[in-house]
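Coordinates in review
So you can see what is in the structure, the chains are spelled out below.
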Amino acid sequence: MWAPNLGGFSDTQDATAEIQAIADQVKSQLEEKENKKFPVFKAVKFRSQVVAGMNYLIKVQVDEDDFVHIRVFESLPHENKPVALTSYQTNKGKHDELTYF
C-alpha cells in the first residue's frame, strides 16, 4: 500500500505566490547575514516538510545567474511567531538541485 513520505520533504515544485510571500518575509534576515542587498529576490522552486509547523527549502533568484537556497521555518498559527530563516546556501546556480542542508 502506498503511503506519503511522512516526515520527509516533498518533491521540488514551482514556487507559488504563497512561497514568494514566505521568502519575502526572510529577505531582510538573509541580507543582514550576508551584509548585502538583493535587488532581485524571486522564489522559483520549493520543497516543503510538515513538522510542528512547516519547513521550506526555497530556491531564490537574486541576480540574473545567481541563486541562493534558503531554509525557512513557519510555526503553527497559534504560536504567533514570525517566519524564520534557519539556514541558507549562496553561490547556487539555476540547475542546482534543491536538497536538504
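Presented here is an overview of the structure given in this document.

Cut-offs applied
- Residues numbered from 1 in each chain as written.
- Predicted model: local features only at pLDDT ≥ 70, side-chain atom pairs only at ≥ 80, totals over all residues.
- Heavy atoms only, no water.
- Helix = DSSP H or I, 4+ residues; strand = E, 2+ residues; numbered from the N terminus.
- Rg over C-alpha atoms; globule rule 2.2 N^0.38 Å.
- Buried < 20%, exposed > 50% of the residue type's maximum accessible area, 1.4 Å probe, protein only.
- Lys, Arg positive; Asp, Glu negative; His and termini not counted.
- Charge placed at Lys NZ, Arg CZ, Asp CG, Glu CD.
- Contact = heavy atoms within 4.5 Å.
- Salt bridge = Lys/Arg side-chain N within 4 Å of Asp/Glu carboxyl O.
- Pairing = 2+ DSSP bridges.
- Axes fitted to C-alpha atoms, helices over the stretch in contact; angles between N-to-C directions.

Turning our eyes to something else, we now look at the overall build of the protein. The secondary structure content of the protein amounts to one helix and five strands. Relative to the compact-globule value of 13 Å for 101 residues, the protein shows a C-alpha radius of gyration of 14 Å, a close match. Seen through its principal axes, the protein has C-alpha atoms that stretch 45 × 35 × 25 Å. Burial analysis of the protein (101 residues in total) assigns 35% to the buried set. With 12 positive and 15 negative side-chain charges, the protein shows a separation of 2 Å between the mean positions of the two kinds.

A word on the environment of Phe9. For Phe9, the position within the fold is in the segment before β1 (13-14). Accessibility expressed as a relative area gives 13% for Phe9, which makes it buried. What Phe9 contacts, discounting residues up to four positions off in sequence, is Arg47, Ser48, Gln49, Asn55, Tyr56, Leu57 and Tyr100.

The final tally for this structure, using the stated rule, is three salt bridges. Between Lys45 and Asp14 there is a salt bridge whose closest N-O contact spans 2.5 Å. Placement of the pair is Lys45 in strand β2 (residues 42-51) and Asp14 in strand β1, with a sequence separation of 31 residues. The class for Asp14 is exposed, based on a relative accessible area of 51%. Between Glu31 and Lys37 there is a salt bridge, with the nearest N and O atoms lying 3.8 Å from each other. For Lys37, a relative accessible area of 67% puts it in the exposed group.

Take the sheet that holds strand β3 (residues 53-63) next. Spatially, five strands are ordered β1-β2-β3-β4-β5 in an open sheet, and the strand pairing comes out antiparallel. Across the chains shown, the open sheet's two edge strands, defined by having one partner strand only, are β1 and β5 (84-92). By the bridge criterion, two bridges tie β1 to β2 in an arrangement that is antiparallel. The residue bridging Asp14 from the neighbouring strand is Lys45, located in β2. Sheet strands touched by helix α1 (residues 17-34): β2, β3, β4 (66-74) and β5. Its angle to β5, the strand with the most contacts, is close to 80°.

As for its position among the elements, Ser75 is in the loop between β4 and β5. The buried category is assigned to Ser75, whose relative accessible area is 12%. Along the backbone, Ser75 and Asn55 are 20 residues apart, and their C-alpha atoms lie at a distance of 8.7 Å.

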